[in-house]
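Coordinate inspection notes
Chain by chain, the residues:
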Amino acid sequence: MFGYKKVLAVASAAAMALGLAACGGSGDGADGAGDGKSLTIWQLTLDGDQATAWDALVKGFEAENPGVKVTTENRAVDPHKDALRQAAGTDSVPDIYRYWGGPGLGGELIKANMSLDITKYYDEYKWADSLTSVAVARSELYGGHNGVAFQESSEAIYYNKALFEKAGITELPTTYEELLAAAEKLKAAGITPMEMGGTVNWHVMRLLDALIETECGAEIADKLNQGDGNWGTEPCVTDAFVELKKWGDDYLNQGYMAISQDDSSQLFFTGQAAMALEGDWFGPQAVNGGMSADDFGIFAFPTGTGRIYGFGELLYVTQASKNPDLAAKFLDYMISEDGQAKLGSAFSVISANKNVAPPADAVLANEWSELVSQATGSYLNNDQNFSTAETGEYWRVQNSVLTGSISPEDAGKTFQQWRDANG
Amino acid sequence: MATETQSPPSGTPQTAQRARKPRRLVTALPYLAPALLLYLYFLVYPMLDSVRLSFFKWSGFRTDVPEFVGLANYVRMFTADPVFWTAARNTIFWVILTLAVPMVLGLLLALGLNRQMAGRNLMRSIFYIPSVFASITVAAMWRWIYNPTLGLVNQALEQVGLGSWAQTWLGDPKIAIYSVFVASIWQAVGFPLVLFLAGLQSVPQELVEAAKIDGANALQVFRNVTLPALKPTTVVVVILTIINSLKVFDLIVGMTGGGPAQSTQVLALWSYTQSFANHQFGAGGAVATVLLVISLALVVPYMLWSLKGQDK
């Protein structure tokens, strides 16, 4: 028989062990008022220029609409996602929330009935006439229209002009073969061709996404990423992983798997790496990191499809909003020329409004404008295409190929097997 | 016969003691109740609910009604989750290594630092200080130490002419888990050290002296006197070490995030990732339940064995 102390001791141990299984939480946010005079917006945590620009936008809207009060709630990325998840289906949702686009991230909230189909406002305000075609397309992925583009982020290859010159590269690569040749020249000159930070999986993912687009072409890439394409049977998938491995072995900075993207960015800022696959936000960072804006330029990853790489963030109206008309009015102001002037280049160089030119003082404004205008379309970062669980497996396969634990030939099959088992 | 006269009659103090035990519990209950209720509501209920959730498919959205799927989450976890087995292997590996290295090291340090010597208190503090640091701070520090280009380890190897030994300590799946474990040892050794130091104070010095007089050498004294006297302390250290090892989380998150390619993944982190990053709360609950079963399977038998006879 167990003694009294023994029972207590065992019960304590069981309770301690049970603690390992515990998880949970809940919380509620602000409420919206149906008075047509107030709006609540859930926004990510902002600082510096972004905070200033957002405040200017809100104040500009309030000035145009006397008596209207806009309340912004800010959260860091993960708490923002959690708050929306917990508030879904309750009265605690805001009138407007900022979120990413794409079937994976944005689509998840749309499936959960968070977002209001705002097609009638698109028609009423004729937003399709003022938004870029890419921005409109972001809202059309799920049938009807969900959200209005808040910022368009495009990604391309930044290059260090002096290092290219030192390696004898006189023309910017326009094909993938030319890009490889340039990388080879840089390597021969003792320069790290491209910097990457592998601890944040999405940084290396950009290279893989671009290689899928390069090797598979736009149509098959879209099927693989957004449709019913089979990763296990498309030969181009293997080709893409072979190329990924080649970049990892030959052209990325040494030890890239063990450093973050912030650390790897320093290699570009300090002239130790010649290229970086980054977005339009990277230019100001490079300048803050000690480079002159004249020291670097950009060119599109030469996929051969003519599409530009990037992702969108949108402001969505919630289904539970008590003031959808006022929310639509705010969105209309946000994408107006006045509203975009208030935002400036704090969030992105390229405006979602096709009639708004990049601010003159924005880093690489003309270059980005030219790249986007020349693009025949866009392709998304795959962490926006995939569900979060699928993205995790995509990253695992990508990193396993780079570290040699999965062969490029098996990579597509491995990913497809997971999709089939967990779809 | 003397033995007969010493037999306790019925109604002896022993029986009375047994009768008093329930009454003691009744007396204690008013004091225990508030904390017990809070404990049941905020700890036990969520734990059991997590187990319940493991039989459902749920994205975490309130608008998404959890769908009962029976054992599907477990079947998928065991057969189609490429990370689970890596996480399970790493977790068990972590428990074994933690029992073997920091605990033994803690005991040896305690034996050394229990002697009279100059600077003893300073050395005790030096060895204990890392264990008071937050794990995330330790992770940040060791991430820098392991930095492949600027880190202390590789720089030091370069300086002494062993540059060829330099590694991407946290970027190579073959060694990343060991690299994290080294940081763990650095942080964890202070905990058993302090407990064993406390335990050593309870070793009866007269027994030690008697053993020495009887001609026992240092090893014999340690094996036959010190070690048995340390048994209660060892029980506590082993149990807490197992539990802490099973739920290792923050050091892994801070140093590798479970990477590269999930090679440093552990069950506690994988449960969290499935629930809060992948938004598969059923799958996360299933991993947590497996972790719970492993915990109970390891801790309860050991506890029962080690407490044998202590009620007498």
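What you see is a predicted model; the values in this text were computed from it and never measured.

1. Examining the overall build of chain B
Counting secondary structure elements, chain B contains 16 helices and two strands. Scaling as 2.2 N^0.38, a compact globule of 312 residues should have a C-alpha radius of gyration of about 20 Å, whereas chain B reaches 25 Å, well beyond that. By principal-axis analysis of the C-alpha atoms, chain B measures approximately 80 × 60 × 35 Å. Residue pairs in contact within chain B that sit at least 24 positions apart in sequence constitute 65% of those at least 6 positions apart. Considering chain B, the positive charge centre built from 21 side chains and the negative charge centre built from 12 side chains are found 6 Å apart.

2. Description of the domain arrangement of chain A
All names here are of chain A. Domain assignment breaks chain A into domain 1 (4–153 + 311–373) and domain 2 (155–309 + 381–422). Contacts between the two partners involve 20 residues from domain 1 and, on the opposite side, 26 residues from domain 2. Together, the buried faces of domain 1 and domain 2 total about 1,700 Å²; carbon and sulfur atoms form 69% of this surface. For domain 1, the biggest contributors to the area lost against domain 2 are Phe-311, Val-363 and Trp-368; these three give 36% of the whole. At the surface where domain 1 touches domain 2, the tally comes to zero salt bridges. Taken together, the links from domain 1 to domain 2 amount to three residue pairs in polar contact (both at pLDDT 80 or more).

3. Focus: the side chain of Asn-381 of chain A
All names here are of chain A. Structurally, the position occupied by Asn-381 is in the loop between strand S9 (377–380) and helix H17 (382–385). Relative accessible area serves as the criterion here: at 4%, Asn-381 is assigned to the buried category. Those residues within four positions of Asn-381 in sequence are excluded, and the remaining contacts are Glu-155, Met-205, Arg-206, Asp-209, Tyr-309, Gly-310 and Phe-311.

4. A closer look at the environment of Ala-300 of chain A
All names here are of chain A. Of note, Ala-300 is situated in the loop between strand S7 (296–299) and strand S8 (307–317). On the basis of relative accessibility, which here comes to 30%, the residue Ala-300 falls in the partly exposed class. A sequence separation of 36 residues divides Ala-300 from Ser-336, and the C-alpha atoms of the two residues are 28 Å apart.

5. Side note on the environment of Gly-257 of chain B
Residues and elements named next belong to chain B. Here Gly-257 lies in the loop between helix H14 (250–255) and helix H15 (267–277). For Gly-257, a relative accessible area of 44% gives the class partly exposed. In sequence terms Gly-257 and Trp-270 are 13 residues apart; their C-alpha atoms lie 10 Å from each other. Setting aside residues up to four positions removed in sequence, Gly-257 forms contacts with Ile-252 and Leu-269.

6. Some thoughts on the pattern of salt bridges
Residues and elements named next belong to chain A. Tallied over the entire structure, the rule returns 15 salt bridges over all chains. Asp-250 is paired through a salt bridge with Lys-187; the nearest N and O atoms lie 3.8 Å apart. Taken together, the residues Asp-250 in helix H11 (residues 235–251) and Lys-187 in helix H9 (residues 176–188) connect sequence positions 63 residues apart. For Lys-187, a relative accessible area of 38% gives the class partly exposed. One salt bridge connects Arg-396 with Glu-393, and the closest N-O pair in it is separated by 3.0 Å. A residue pair is termed a helical-turn pair when its members lie 3 or 4 positions apart in one helix, as Arg-396 and Glu-393 do in helix H18 (residues 388–403) at three residues. Using a relative accessible area of 11% as the deciding quantity, one classes Arg-396 as buried. One connected set of salt bridges, linked through shared partners, spans Glu-155, Arg-206 and Glu-278.

7. So, helix H4 (residues 102–111) of chain A
An α-helix turns once every 3.6 residues. As a result, residues three or four positions apart point the same way. Residue and element names in this part refer to chain A. Most of H4 is tucked away: eight of the 10 residues are buried. On its buried side, H4 packs onto helix H3 (77–87), strand S3 (96–100), S8, S9, H17 and H18. In the segment just after H4, Asn-113 is the residue with positive phi, at about 60 degrees.

8. Thoughts on the packing of aromatic side chains
Residue and element names in this part refer to chain A. Applying the stated rule across the entire model yields 47 aromatic pairs over all chains. Note on Trp-54 and Phe-150: the rings are 5.8 Å apart at their centroids and 80 degrees apart in plane angle, and the pair reads as edge-to-face. One end of the pair, Trp-54, is in helix H2 (residues 48–64); the other, Phe-150, is in strand S4 (residues 148–160), and 96 residues separate them in sequence. A relative accessible area of 2% means that Trp-54 is categorised as buried. The interplanar angle of 50 degrees and the centroid separation of 5.6 Å between the aromatic rings of Phe-386 and Phe-415 together place this pair among those described as tilted. Residue Phe-386 is found in the loop between H17 and H18, and its partner Phe-415 is found in helix H19 (residues 408–422); the two are separated by 29 residues along the sequence. Its relative accessible area of 1% is what places Phe-415 among the buried residues. Joined through ring pairs, the aromatic side chains of Trp-54, Phe-61, Phe-150, Phe-330, Tyr-333 and Phe-347 make up one cluster.

9. A closer look at unusual backbone geometry
Between Gly-259 of chain B and Pro-260 of chain B the backbone carries a cis peptide bond, its omega angle lying at -5 degrees. The topology assignment puts Pro-260 of chain B in the loop between H14 and H15. One non-glycine residue with positive phi stands out, namely Lys-126 of chain A, at about 50 degrees. By the element assignment, Lys-126 of chain A lies in the loop between helix H5 (119–125) and helix H6 (127–130). On the accessibility criterion, Lys-126 of chain A (53% relative accessible area) is exposed. The backbone of Ala-261 of chain B shows a phi angle near 55 degrees, a positive value even though the residue is not glycine. Mapped onto the secondary structure, Ala-261 of chain B falls in the loop between H14 and H15.

10. Considerations on the state of the cysteines
Residues and elements named next belong to chain A. Within this structure, the stated rule accounts for one disulfide over all chains. Two residues, Cys-216 and Cys-236, share a disulfide whose sulfurs are 2.1 Å apart. Because the sign of the S-S torsion sets the handedness, a value of about 95 degrees for the bond joining Cys-216 and Cys-236 places this disulfide among the right-handed ones. With Cys-216 in helix H10 (residues 201–226) and Cys-236 in helix H11, this residue pair connects regions lying 20 residues apart in the sequence.

Reading guide: rules and limits
Residues numbered from 1 in each chain as written. Chains lettered and ligands numbered in written order. Predicted model: local features only at pLDDT ≥ 70, side-chain atom pairs only at ≥ 80, totals over all residues. Heavy atoms only, no water. Helix = DSSP H or I, 4+ residues; strand = E, 2+ residues; numbered from the N terminus. Rg over C-alpha atoms; globule rule 2.2 N^0.38 Å. Contact = heavy atoms within 4.5 Å. Lys, Arg positive; Asp, Glu negative; His and termini not counted. Charge placed at Lys NZ, Arg CZ, Asp CG, Glu CD. Domains from an automatic or database assignment. Buried area = accessible area lost by both parts, 1.4 Å probe. Salt bridge = Lys/Arg side-chain N within 4 Å of Asp/Glu carboxyl O. Polar contact = N/O pair within 3.5 Å; in protein donor to acceptor, adjacent residues only side chain to side chain. Buried < 20%, exposed > 50% of the residue type's maximum accessible area, 1.4 Å probe, protein only. Phe/Tyr/Trp six-rings, centres within 6.5 Å; stacked < 30°, edge-to-face > 60°. Disulfide = S-S within 2.5 Å.

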